[in-house]
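Breakdown of the fold
Listed below, chain by chain, are the residues.
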Amino acid sequence: MTKKTSINFSKAFEELEAITEWFEKGEADLDEGLAKFERGLELAKVCKGKLSEVENKIKELKKKFEE
Amino acid sequence: MTNSVEPVLQVSEYLKLANQVLKLNIDGYAFAIEGEISDYKIKDGKWIMFSLKDENDPSAKVGCFATTFKVSGVFEDGMKVRVWGPPAINKWSGFQIEVRKMEAVGDGALKKAYELLKKKLEVEGLFDISRKRMLPRFPERIGLITSRDAAAYGDFARILNNRWGGVEVLFSHVHVQGREAVPEILAAFRRFNEMSETERPEVLVLTRGGGSLEDLHAFNDEQVVRAVFGSKIPVICGVGHERDESLCDFVADVRASTPSNAAERVVPNRQEVIYEIETMTRHIETRLTDAVDDKQFLIERATNLIFTAADRQKEKLSHLTRNLLDRVNNWLPRFSDRLGASLRVLANLDPKRVLARGYSIVTARGKIVKDAAALEVGVEIGVQLAQGSLGAEVLRVNGKGKIKLI
């Protein structure tokens, strides 16, 4: 249910990876770096929040009547 | 004898009757017929023909006919099999069983059938590494195909919960062995693959616990293997214990050794991902601090440079000033000496002092008269003395160009 509202975990994680890689390349513009840094922290928070979900929902598919 | 009317049947009518009797009296699906294959042949890649021999009485033989559409798997002479299907008398080949289903029997035959099928599928390229797909790293929806009564189900769910959360598991309950297993597994694959893109799971997990080759038959069934191969959704297969293998394992995109291992392969470990996120944020932080430090260093260096330059300028300036002062100081006394001398000279030249000595200055028409010839008799002149002045009139002019002292 929370899936719709919250950002997709893999998207957030990938973006965080991309930011890390951006910093890795060095020659960082400070303004841009600051913006990316803030975004990175935000993404990390989102990801960690998502990780605190402990439950997995198991939904059994009803048998369809077959031919 | 006379007039007794005996019906006469044509051969084809007789065959029809016999077939009807056979059909009514022998239910081809009620039992299996077990025997050993001989004279196994496939014609045109479609028609399978062989004889089924009684193991204990090799002279007891029955012909069998099947199509490759109905019977999958690979068989060969000498294999012990069970066949299902109605009997029929065929115009061309006589009495035979129309085989609808056939299975290898006994460990030897099963093993043999398994190896043959494996070889065939391998040659066909179903197990090629190049067609293995990547699984999503963080799946949100997983399709699970197993039996709810099997330990595999519990193992999978437990490990899944230990490792990761927030996943929706669409569970399709199937028999994992026995008669219903193959059709149910096939149906589950169809169902998941027919789902719309929005409700379709990102990965399918096909799993069951260990068992004998016979127990695992559904996972070695050609149709199931092809269903795994044809699935639009990537498949993880985890069958049995560590060393069990099944054909589904080979065809799956990812092969897990056990149901628990399937859970490990399908979702990452929460702790590891947290660690990874922390490492990344730390890394970003360090990088940013480094960048700030770098800039700070640059600024400091620039400031230092400017200050040094300014200092140098200042020093130069003070040096100049000092120099200048030195020069001025040197020059000033000499200047005042010279000034004093000049003043003295000037003072000597002062006309007033000359007048004081008794001289006087004569002016005519506002001009100093230096030559008597410039004057005429009767002109009014002025005479300036040391004290006061007076006006006079010229009475006489003496000589020209000669100054006559009075």
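Structure's up top.
This write-up is about the structure you can find in this document. (Residues numbered from 1 in each chain as written. Chains lettered and ligands numbered in written order. Predicted model: local features only at pLDDT ≥ 70, side-chain atom pairs only at ≥ 80, totals over all residues. Heavy atoms only, no water.)

Before going further, it helps to spend a moment on helix H3 (residues 151–163) of chain B. Across its 13 residues, H3 of chain B extends 18 Å between first and last C-alpha, which sits within 8% of the 18 Å expected from 1.5 Å per residue. Burial in H3 of chain B covers these residues: Ala 152, Phe 156, Ala 157, Ile 159, Leu 160 and Arg 163 of chain B. (Helix = DSSP H or I, 4+ residues; strand = E, 2+ residues; numbered from the N terminus. Expected span 1.5 Å × (residues − 1). Buried < 20%, exposed > 50% of the residue type's maximum accessible area, 1.4 Å probe, protein only.)

Taken as a whole and judged by the stated rule, the model has twelve aromatic pairs over all chains. Ring geometry for Trp 47 of chain B versus Phe 65 of chain B: centroids 6.2 Å apart, planes at 20°, classification stacked. Of this pair, Trp 47 of chain B sits in strand S2 (residues 47–53) while Phe 65 of chain B sits in strand S3 (residues 61–67), and the two are 18 residues apart along the sequence. Classification of Trp 47 of chain B as partly exposed rests on a relative accessible area of 33%. Arranged with centres 4.7 Å apart and planes meeting at 45°, the rings of Tyr 153 of chain B and Phe 171 of chain B form a pair that is tilted. Taken together, the positions of Tyr 153 of chain B in helix H3 and Phe 171 of chain B in strand S9 (residues 168–173) put the pair 18 residues apart, joining distant regions of the chain. On the basis of relative accessible area, Phe 171 of chain B is assigned to the buried category, the value being 0%. These aromatic residues form a ring-pair network of at least three members: Phe 9 and Phe 13 of chain A together with Phe 138 and Trp 164 of chain B. Geometry around Trp 22 of chain A places Lys 36 of chain A over its ring, the cationic atom sitting 5.2 Å from the centre. (Phe/Tyr/Trp six-rings, centres within 6.5 Å; stacked < 30°, edge-to-face > 60°. Lys NZ or Arg CZ within 6 Å of the ring centre and 35° of its normal.)

Residue and element names in this part refer to chain B. Scanning all chains against the criterion turns up 25 salt bridges over all chains. When the shortest N-O distance is used, the salt bridge between Lys 101 and Glu 103 registers 3.7 Å. Since its relative accessible area comes to 29%, Glu 103 is described here as partly exposed. With a shortest N-O distance of 2.9 Å, Glu 276 and Arg 137 are connected by a salt bridge. Separated by 139 residues along the polypeptide, Glu 276 in helix H8 (residues 270–349) and Arg 137 in the loop between helix H2 (106–124) and strand S8 (141–146) bring together distant segments of the chain. (Salt bridge = Lys/Arg side-chain N within 4 Å of Asp/Glu carboxyl O.)

Counting residues at the interface gives 37 residues for chain A and 40 residues for chain B. Overall, the association of chain A and chain B removes approximately 3,700 Å² of surface from exposure, summing both partners, and the carbon and sulfur fraction of that is 62%. Contact with chain B buries surface across chain A, with Leu 51, Asn 56 and Leu 61 of chain A losing the most and accounting together for 18% of the total. Our count for the contact surface shared by chain A and chain B stands at five salt bridges. One salt bridge in this structure joins Glu 24 of chain A and Arg 287 of chain B, with 3.4 Å as the shortest N-O distance. The tally of links between chain A and chain B comes to 19 residue pairs in polar contact (both at pLDDT 80 or more). Those elements giving two or more residues to the side of chain A that touches chain B turn out to be helix H2 (9–24), helix H3 (30–51) and strand S1 (57–60) of chain A. The greatest single-element share of the side of chain A that touches chain B, amounting to ten residues, is contributed by H3 of chain A. In terms of residue class, the side of chain A that touches chain B is built from 16 nonpolar, seven polar and 14 charged. (Contact = heavy atoms within 4.5 Å. Buried area = accessible area lost by both parts, 1.4 Å probe. Polar contact = N/O pair within 3.5 Å; in protein donor to acceptor, adjacent residues only side chain to side chain. Nonpolar A, V, L, I, M, F, W, Y, C, P; charged D, E, K, R; others polar.)

To continue, consider H2 of chain B. Residue and element names in this part refer to chain B. With 19 residues, H2 should reach 27 Å at 1.5 Å per residue; the first-to-last C-alpha distance of 27 Å fits that figure. Taken together, the buried positions of H2 are Ala 109, Leu 110, Ala 113, Tyr 114, Leu 117, Lys 118 and Leu 121. Relative to the axis of H2, the buried residues are bounded by an arc of 165° and lie together on one face. Facing away from the buried surface of H2 by more than 90 degrees, the exposed residues are Gly 108, Lys 119 and Val 123. (Arc of directions from axis to C-beta.)

Next up on the list: unusual backbone geometry. Among all residues save glycine, negative phi is the norm, and among peptide bonds the norm is trans. All names here are of chain B. Although it is not a glycine, Asp 39 adopts a positive phi angle of roughly 55°. Residue position: Asp 39 is located in strand S1 (residues 33–43). Owing to a relative accessible area of 40%, Asp 39 belongs among the partly exposed residues under this scheme. The backbone of Arg 365 shows a phi angle near 50°, a positive value even though the residue is not glycine. Within the element layout of this structure, Arg 365 appears in the loop between strand S13 (361–364) and strand S14 (367–368).

Residues and elements named next belong to chain A. Direction vectors running N to C along H2 and H3 enclose 145°, while the axes themselves pass 9 Å from each other. In the packing of H2 onto H3, the handedness of the crossing is left-handed. Facing H2, whose interface residues are Phe 9, Ala 12, Phe 13, Glu 15, Leu 16, Ile 19, Trp 22 and Phe 23, H3 presents Glu 32, Gly 33, Lys 36, Phe 37, Arg 39, Gly 40, Leu 43, Ala 44, Val 46, Cys 47, Lys 50 and Leu 51. Classifying every residue of the contact of H2 with H3 gives 13 nonpolar, two polar and five charged. (Axes fitted to C-alpha atoms, helices over the stretch in contact; angles between N-to-C directions. Left-handed = near helix turned anticlockwise from the far one by under 90°.)

Looking now at the environment of Arg 208 of chain B. All names here are of chain B. Along the chain, the position of Arg 208 falls in strand S10 (residues 203–208). Spatially, the C-alpha atom of Arg 208 lies 9.6 Å from that of Phe 156, the residues being 52 residues apart in sequence. Sequence-distant contacts of Arg 208, that is, excluding residues within four places in its chain, are made with Thr 146, Ala 152, Val 176, Gln 177, Asp 215, Leu 216, Phe 219, Gly 238, Val 239, Gly 240 and Pro 259. For Arg 208, the side chain forms a polar contact with the main-chain oxygen of Val 176, separated by 3.2 Å. There is a polar contact of 2.9 Å between the side chain of Arg 208 and the side chain of Gln 177.

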